Amino acid sequence: MEALLRRELDCSSVKATGHSGGGCISQGQSYDTDKGRVFVKVNAKAEARRMFEGEMASLTAILQTGTVKVPRPIKVLDAPGGGSLLVMEHLDMRGLSSYAAKLGAQLADLHLYNKKLGEKLLKEAGTVGKGSAQTDQPFVDQFGFDVVTCCGYLPQVNDWQTDWVVFYAQQRIQPQMNMVEKESGDREALELWSALQLKIPDLFQGLQIVPALLHGDLWGGNVAEDSSGPVIFDPASFYGHSEYELAIAGMFGGFSSAFYNAYHSKVPKAPGFEKRLQLYKLFHYLNHWNHFGSGYRGSSLSIMRNLVK
């Protein structure tokens, strides 16, 4: 590993440190180099390169907004012996505590970034003598992402779509239901999904949704802080509805009222928020069912039953 990093990062010295980590998907290790400390995530799966390239694109997109801190991605490499690795900046992180409210505010800034870009373009286009509006980053007027991103190790369908309701039903829930059907043929799940599809548009009546850049997998295990403030990592980004972000945040804890209060002071709850939050939780319960087994079946079906009432 050290020889590979020396060659690919153009370093003369690389040495493993005592810092290591990992979750249920990938393992990680920090290395000291003569160009600074880096953190290397490793995954032996054949599809790991796709997963890490999606994560690198996600980190890059969030980094470009200048709203909330993420580790700076450096390179995706083929791992010795198979699989792939993602090299990124090492950050000295600890559990999120004193910066919870700041994270809420910065996450809201991330979600509002594209909307503000659009407003700026409209304003500049209407200003006499300004010419055609130019910004460093283009306004994104559709839902999706330029590359495949993975929530866990399962790929997400990020094909660009102008209609959020269609995007969410067809490109988030339907692929998960396809996996459930293939794996178990669960008749009750499939019948509930058929009924729920007809109800989904009603949850979005009167709502204007501007695509927001999302972290995409913001649970308590993917947030931390360093000496400068909050840090988010392990993203599965795409442009979607900002409310989607808060679904997994509420499922597994780790976020205080200070976080939510700061977030909603900038992005107020729209009518119907709670029901849509259940719809967004459905994706994550189905995704966990497909990752970890039928222990998540009950929660998935319970949400569908409540939403079709």
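None of the values given here were measured: they were computed from a predicted structure.

Engineer: Could you give an account of the environment of Asp 163, naming the residues involved and the relevant values?
Structural biologist: Along the polypeptide, Asp 163 turns up in the loop between β7 (154-155) and α4 (164-184). Along the primary structure Asp 163 and Gln 142 are separated by 21 residues, whereas in three dimensions their C-alpha atoms are 7.6 Å apart. In terms of polar contacts, Asp 163 uses its side chain to reach the backbone amide nitrogen of Val 165, at 2.9 Å.

Engineer: Describe the packing of aromatic side chains, with residues and values.
Structural biologist: Inspection of the entire model under this criterion finds 16 aromatic pairs. When the centroid spacing of 5.4 Å and the interplanar angle of 20 degrees are considered together, the rings of Trp 164 and Phe 167 count as stacked. Of this pair, Trp 164 and Phe 167 both sit in helix α4, 3 residues apart, which is roughly one turn of the helix. Of the two residues, Trp 164 and Phe 167, both sit in the buried class. Through successive ring pairs, a cluster of aromatic residues spans Phe 143, Trp 164, Phe 167, Tyr 168, Phe 204, Phe 238, Tyr 244, Tyr 280 and Phe 283. Over the face of the ring belonging to Tyr 153 we find Lys 45, whose NZ or CZ atom lies 4.5 Å from the ring centre. Above the face of the Phe 238 ring, Arg 172 is positioned so that its terminal group lies 4.2 Å from the ring centre.

Engineer: Could you give an account of unusual backbone geometry, naming the residues involved and the relevant values?
Structural biologist: One non-glycine residue with positive phi stands out, namely Asp 10, at about 55 degrees. In this structure, Asp 10 sits in the loop between α1 (2-9) and β1 (14-22). A positive phi is found at Asp 234, a non-glycine position, where the angle reads about 55 degrees. A relative accessible area of 27% places Asp 234 in the partly exposed class.

Engineer: A description of the pattern of salt bridges should follow, citing residues and the corresponding values.
Structural biologist: In total, this model carries 15 salt bridges according to the counting rule given. Because the salt bridges share partners, they merge into one network encompassing Asp 186, Glu 188, Arg 297 and Arg 305.

Conventions used here
- Residues numbered from 1 in each chain as written.
- Predicted model: local features only at pLDDT ≥ 70, side-chain atom pairs only at ≥ 80, totals over all residues.
- Heavy atoms only, no water.
- Helix = DSSP H or I, 4+ residues; strand = E, 2+ residues; numbered from the N terminus.
- Polar contact = N/O pair within 3.5 Å; in protein donor to acceptor, adjacent residues only side chain to side chain.
- Phe/Tyr/Trp six-rings, centres within 6.5 Å; stacked < 30°, edge-to-face > 60°.
- Buried < 20%, exposed > 50% of the residue type's maximum accessible area, 1.4 Å probe, protein only.
- Lys NZ or Arg CZ within 6 Å of the ring centre and 35° of its normal.
- Salt bridge = Lys/Arg side-chain N within 4 Å of Asp/Glu carboxyl O.

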